[in-house]
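Summary of structural features
Here are the chains, one letter per residue:
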Amino acid sequence: MSWLHMIILFPFIFAIIVPYIYKKFTPRIHTGWFVLFVPFIIFIYLLTLIPKISKGHTSYAVARWLPSYDINFTAYADGLSLVFGLLIAGIGTLVIVYSIYYLSKQREALHNFYIYLLLFMGAMLGLVFSDNIFVLYVFWEITSVSSFLLISYWYTRERSRYGAQKSMLITVFGGLCMLAGFIMLSMITNTNSIREMFEVVETIHTDALFIPAMVLVLIGAFTKSAQFPFSIWLPDAMEAPTPISAYLHSATMVKAGIYLVARLTPVFGGTYEWFWLVSGIGIVTLLYGSLNAVKQTDLKALLAYSTISQLGLIMSLFGLGSASMYYGNSSAETSLYAAAIFAAIFHLVNHSTFKGCLFMVVGIIDHETGTRDIRKLGGLMSIMPVSFTLTVIGSFSMAGIPPFNGFLSKEMFFTAVKNAAAMNIFSMQSIGIVIPIIAWIASVFTFVYCMVLVFKTFRGKNKQEKLDKNVHEGSIGLLISPIILGSLVIIFFFFPNTIAKYLLKPAFAAVLPTLADTVKVKEISAWHGWNAELFMTIGVVVLGTLLYVYLKKWYRIYRLYPQAMTLNNLYNFSLEYMENTSKKITDFYMTGSIRHYLVYIFSFIILVMGGSLWIFGGFKIDTSQDSPISIYDIGIVTSVFISAIAVLFSKTRLTAIAAVGALGFLVSFFFVLFRAPDLALTQLVVETVTTALFLLCFYHLPALQKEVSRIPFKLVNAVISIGVGAVVTVIALSANGTHMFDSISSFYENSYKLAGAQNIVNAILVDFRGIDTMLEILVLSIAGLGVYTLIKLKIAGRDKNEEIE
């Protein structure tokens, strides 16, 4: 187990001991102080990897898990995973510091909060450092489950439960699609390693499963990163506490889909389909998020839609940059279009700093004023000067105004869309001009909602009469984390090439490994002369200012769009429709009749099992290797048949018992013929004991009464009975006549060495079967513990209610 494995597992291990820490030290010491050192240690360790990875080296370690299925816990650290790992650990450290002062240790269930947070942190680390696609998927789904728990942390609130359910349904749906795509990739490449897939790209692109695999993987990425039309879960997830919003929805969870697209760009990039799906959906999401952010009256909802918009910007850059793979190493256009990938990575880092800062400041405003409603806020500039300053830094950076880091990456974004419009591939000659136009319009609305965030909240008249609290600046504990992030926003602006050298360029090389040696990344500069990008920025500021000043005059235009046609209404309608439909279907077949249920089950066996075997040629009856049937076999089978019929038509219980006993004794003769005397003896003993017990019990019962009743003939019953019998018989004969694998009997031949048993039967029954029995006992023990816990909780709850009464 390597250090890379340990940093992934460290949060999971520490999550186990959080309840004990909470029980022992709360309410004297906030649990967050103990949890704080987990992401901090991980962050420090990842910092030590920067010198090595910035020189082009990587870290690689394998922990065997399921080697027979080529599923091993393979940890791989390169430039891309290091950037994400630093964001996860670094922002995680600041979020925990912030949560210590944001969440009350008296009123909140802090053990739950930090357990969920550590689970999510570990899952994200596992996701970005995993090289095996199926291990990556395991961590992917853990992020969905842990984010569900975090979003529903205040589970007594209906909106929290609704937001958690929505995020779970959408992201898990995407995860299942992604799993199907991964399975297809594994089938195409015959490997589960992402790095090994890079070596067989041409094979992937020419396979018939290429398009389905790509679409399914992208659905997973789009759902997780809130891309249109799956973006509806993110605003409702804002019902979570602000530390969770700052962590999940600005720096980590929503970046998981971005990471997946970046990581798999070498696999799918350079193709028409990948280019348009990634860049097209990204551009649409950018516009959709910016348009909807302007009309929000809740500060966190505004930030949620701004996050959607910024994620769309990053996604579109990865799509546009993938065109460089089409040209290869020898073309001059390669470096021109590859710059979009570099811009995407740079803006990803910038977004984590300014958006994390803004979320925390909004949390402070909510914490100190008791509301996030913009209509109730105003005039806070003089009361909360530090929060105002941090909001200006974060908002102006998001709007792309100097001297903040967002300006640098936004200019690079304008350069990328301008270059894309000049492409002569992927049908860009005809519709390429649309991309920079949409990008510019979206940037204008980004500027507008940034101005709304700053000036509607902090300027104007103070509306103290609408607030439930006496407003004051947040404590230093709440401010320290956003101050650090706000400082980084400015530092990254003045020293961007330091970040580029040690973090961005290695990450860029990881996204485009085949082009890393030939593509030269230009130095980041705030001034490139009076070029088109600068004029686009000036146009954004001018038009954005005018739109903000006259916001009240054109704001009503949003009301023209029918609310019944929103994506949220479509989601709610679909959910309600599926629930009603499923209820109708359930009411239709849940009649309460056992006969009906058996008809459904047996019909399914006939149609599905029998039909599948028929369609796919599964019926194969081969008797060439069967043992010859002797006269003794025929005699015993005939006797068994007669005994079974005698049971049905017996007029006395004594006759029925004798027939049942004869049936059992006759079966034991089969074991004699098959040379299994121990089984025959066991069968004889069991049949003797059970027959004696039957006689003892039925001796005390009254005699059978003769009943004359006419049983009507039912054609459906007859057809189903004959059909099931025929299907089962043919399946048994086909299984006997088909040998796809070597017999496992050779494994048991050395039973003495394997299990210390003198014969194979003992080894199977006692030793090998004992493992299965042990697992069954384990399952029953877990169920018993669960029942015991529920009983104890019920008793404790009842005692508590009695004390209250």
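Please refer to the structure placed before this passage.
Okay, so let's go over this structure. (Residues numbered from 1 in each chain as written. Predicted model: local features only at pLDDT ≥ 70, side-chain atom pairs only at ≥ 80, totals over all residues. Heavy atoms only, no water.)

1. Things to note about empty space enclosed by the protein
What counts, and what does not: A 1.4 Å probe that fits into a set of points on a 1 Å grid over the protein atoms alone but cannot get out defines a cavity; an open set with protein on both sides within 12 Å along at least five of seven lines defines a pocket, and lining residues are those with an atom within 4 Å of a point. Grid points are joined across faces, edges and corners, and a volume is the space filled by probe spheres set on the points. Secondary structure elements follow DSSP: runs of H or I no shorter than four residues count as helices, runs of E no shorter than two count as strands, and numbering proceeds from the N terminus. In this classification, the charged set is Asp, Glu, Lys and Arg, the nonpolar set is Ala, Val, Leu, Ile, Met, Phe, Trp, Tyr, Cys and Pro, and all remaining amino acids, among them Gly, are polar.
Under the definition given, this model contains 1 cavity of 30 Å³ or more. There is about 90 Å³ of room inside the largest cavity. Contributions of two or more residues to the lining of the largest cavity are made by α15 (299-321), α18 (385-399), α19 (405-421) and α21 (434-458). Here the element with the most residues in the lining of the largest cavity is α18; it accounts for 3 residues. In terms of residue class, the lining of the largest cavity is made up of 4 nonpolar, 6 polar and 1 charged.

2. Some details on the pattern of salt bridges
Here is the rule we go by: Salt bridges are defined by distance alone: a side-chain nitrogen of Lys or Arg within 4 Å of a carboxyl oxygen of Asp or Glu. Each residue is placed in one exposure class: buried if its accessible area under a 1.4 Å probe, protein chains only, is under 20% of its type's maximum, exposed if it is over 50%, and partly exposed if it falls in between.
Counted by the stated rule, this structure contains 11 salt bridges. One salt bridge connects Lys166 with Asp236, and the closest N-O pair in it is separated by 2.6 Å. Taken together, the residues Lys166 in helix α7 (residues 158-189) and Asp236 in helix α11 (residues 233-236) connect sequence positions 70 residues apart. A single burial state applies to Lys166 and to Asp236, both of which are buried. The salt bridge partner of Glu523 is Lys505, with a shortest N-O separation of 3.9 Å. Placement of Glu523 in the loop between α23 (496-511) and α24 (532-549) and of Lys505 in helix α23 is noted, with a sequence separation of 18 residues between them.

3. Re α23
To keep it simple, the criterion reads: An expected span of 1.5 Å times one less than the residue number is assigned to each helix. What is called the bend at a residue is the angle between a pair of axes, fitted to the seven residues leading up to and ending at it and to the seven starting from it.
Look at α23: only 20 Å from first C-alpha to last across 16 residues, short of the 22 Å you get at 1.5 Å a residue. The largest bend along α23 reaches roughly 40 degrees and is located at Tyr502, with the proline Pro506 sitting one to four residues downstream.

4. Digging into the packing of aromatic side chains
Two numbers describe a pair of aromatic rings. These are the distance of the centres and the angle of the planes. Quick note on the threshold: Pairing of aromatic side chains requires ring centres within 6.5 Å, counting the rings of Phe and Tyr and the six-membered ring of Trp. Pairs whose planes differ by under 30 degrees are stacked, by over 60 edge-to-face, and all others tilted. Geometrically, a charge over a ring is one whose NZ (Lys) or CZ (Arg) sits within 6 Å of the ring centre while staying within 35 degrees of the ring normal.
Under the criterion given, the structure shown has 38 aromatic pairs. Here Tyr589 and Tyr600 contribute two aromatic rings whose centre-to-centre distance is 6.4 Å and whose plane-to-plane angle is 90 degrees, an arrangement assigned as edge-to-face. With Tyr589 in helix α26 (residues 567-589) and Tyr600 in helix α27 (residues 594-615), this residue pair connects regions lying 11 residues apart in the sequence. Members of the aromatic cluster, connected to one another through ring pairs, are Tyr272, Phe275, Trp276, Tyr326 and Phe426. For the cation-ring pair, Arg195 lies above Tyr76, with the distance from its terminal atom to the ring centre recorded as 5.0 Å.

5. Considering the pairing of strand β1 (residues 59-66)
Note the cut-off: A pair of strands is labelled paired if DSSP reports no fewer than 2 bridges between them.
Direction of pairing for β1 relative to strand β2 (residues 71-77): antiparallel, over a ladder of 6 bridges. Looking across to β2, one finds that Tyr60 is bridged to Tyr76.

6. As for the layout of surface pockets
In this structure, the largest pocket occupies an estimated 570 Å³ of space. Lining the largest pocket are 26 residues, and of these Ala339, Met412, Thr415, Lys522 and His528 sit closest to its centre. At the level of secondary structure, the elements contributing two or more residues to the lining of the largest pocket comprise α17 (333-369) and α19. Classifying every residue of the lining of the largest pocket gives 14 nonpolar, 6 polar and 6 charged.

7. Topic: the nonpolar core
So the rule is basically this: Nine residue types can take part in a nonpolar core, namely buried Ala, Val, Leu, Ile, Met, Phe, Trp, Tyr and Cys, and a core is a set of them joined through side-chain atoms within 4.5 Å.
Counting residues in hydrophobic clusters, the biggest one holds 219 residues, and the most contacted among them are Phe182 and Phe318. Here this core takes 20 residues from α17, the largest share from any one element.

8. A word on the packing of α17 against α18
Basically, it comes down to this: Think of each axis as a best-fit line through the C-alpha atoms, taken over the contacting stretch in the case of a helix, with angles from 0 to 180 degrees between the N-to-C directions. The sense of a crossing depends on the near helix, which, turned anticlockwise from the far helix by less than a right angle, makes the crossing left-handed and, turned clockwise, makes it right-handed. Working rule for contacts: check all heavy atoms of both residues, and any pair within 4.5 Å makes them a contact.
The contact between α17 and α18 brings their axes to 9 Å, and the two run at 145 degrees. Note that α17 runs across α18; the crossing there is left-handed. Contacts from Phe354, Lys355, Cys357, Leu358, Val361 and Ile364 in α17 reach Ser387, Leu390, Thr391, Gly394, Ser395, Ser397 and Met398 in α18. Residues belonging to the contact of α17 with α18 are distributed by class as follows: 7 nonpolar, 5 polar and 1 charged.

9. Re helix α5 (residues 110-129)
Under the 1.5 Å per step criterion, the end-to-end length of α5 is 28 Å for 20 residues, consistent within 8% with the ideal 28 Å. The buried fraction of α5 amounts to 17 of the 20 residues, a majority that puts the element mostly inside the structure.

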